[in-house]
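# Commentary on secondary and tertiary structure
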Amino acid sequence: MHDEHTPRGCPSTPQGGPTEQPPIPLRTAVARRLAAAAARSRRSGRGLAGWLFRRRRVAADQFLRGACYGAGTAVVGLLAVWAQTR
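## Let's talk about the overall build of the protein
Across its full length, the protein carries two helices and zero strands. Across the 86 residues that make up the protein, the buried fraction comes to 0%. Carbon and sulfur atoms make up 64% of the accessible area of the protein, which amounts to about 8,200 Å² in all.

Here's what the structure looks like:
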C-alpha cells in the first residue's frame, strides 16, 4: 500500500513480508526457564558449599550440639516412660 510519503515503485514493507519474529514454541520457552532455574540452583548450591567450607568448624559444633540435645531429650523421654510403667 502506498501513501503520500512513499514514492511510487518502492514497497512499503521489505521483501518477504513483515519482520515480526515467529512465536517461540512452548517447549523452547519452558526449556529456557528450566535452564535458568538450574543455573540459579547451581549458584546457590555452590554458595552453600562455600559457606559450609569456610565455617565447617562452627557447623560441626552446631551439628554436635543438636545431636546431643536430641539424645538428651530421647533419654529423658525414655526414663519418663520407664518411670510411669513401674
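## Some remarks on the pattern of salt bridges
Enumeration over the complete set of coordinates arrives at one salt bridge. A salt bridge links Asp61 to Arg57, with the nearest nitrogen and oxygen atoms 3.6 Å apart. Separated by four residues within a single helix, Asp61 and Arg57 lie in helix H2 (residues 56-85), roughly one turn from each other. Note on Asp61: relative accessible area 40%, which makes it partly exposed. You can call Arg57 exposed: its relative accessible area is 62%.

## Examining a nonpolar patch on the surface
A cluster of nonpolar residues, Leu48, Trp51 and Leu52, forms a patch on the protein surface that exposes about 310 Å² of accessible area. Topologically, Trp51 is positioned in helix H1 (residues 26-54). What makes Trp51 partly exposed here is its relative accessible area of 39%.

What counts, and where the lines are drawn
Residues numbered from 1 in each chain as written. Predicted model: local features only at pLDDT ≥ 70, side-chain atom pairs only at ≥ 80, totals over all residues. Heavy atoms only, no water. Helix = DSSP H or I, 4+ residues; strand = E, 2+ residues; numbered from the N terminus. Buried < 20%, exposed > 50% of the residue type's maximum accessible area, 1.4 Å probe, protein only. Areas by Shrake-Rupley, 256 points an atom, 1.4 Å probe, with all protein chains shown as cover. Salt bridge = Lys/Arg side-chain N within 4 Å of Asp/Glu carboxyl O. Patch = residues over 30% accessible without salt bridge, like charges linked within 9 Å, V, L, I, M, F, W, Y side chains within 5 Å.

Read these as spatial facts, not as claims about activity.
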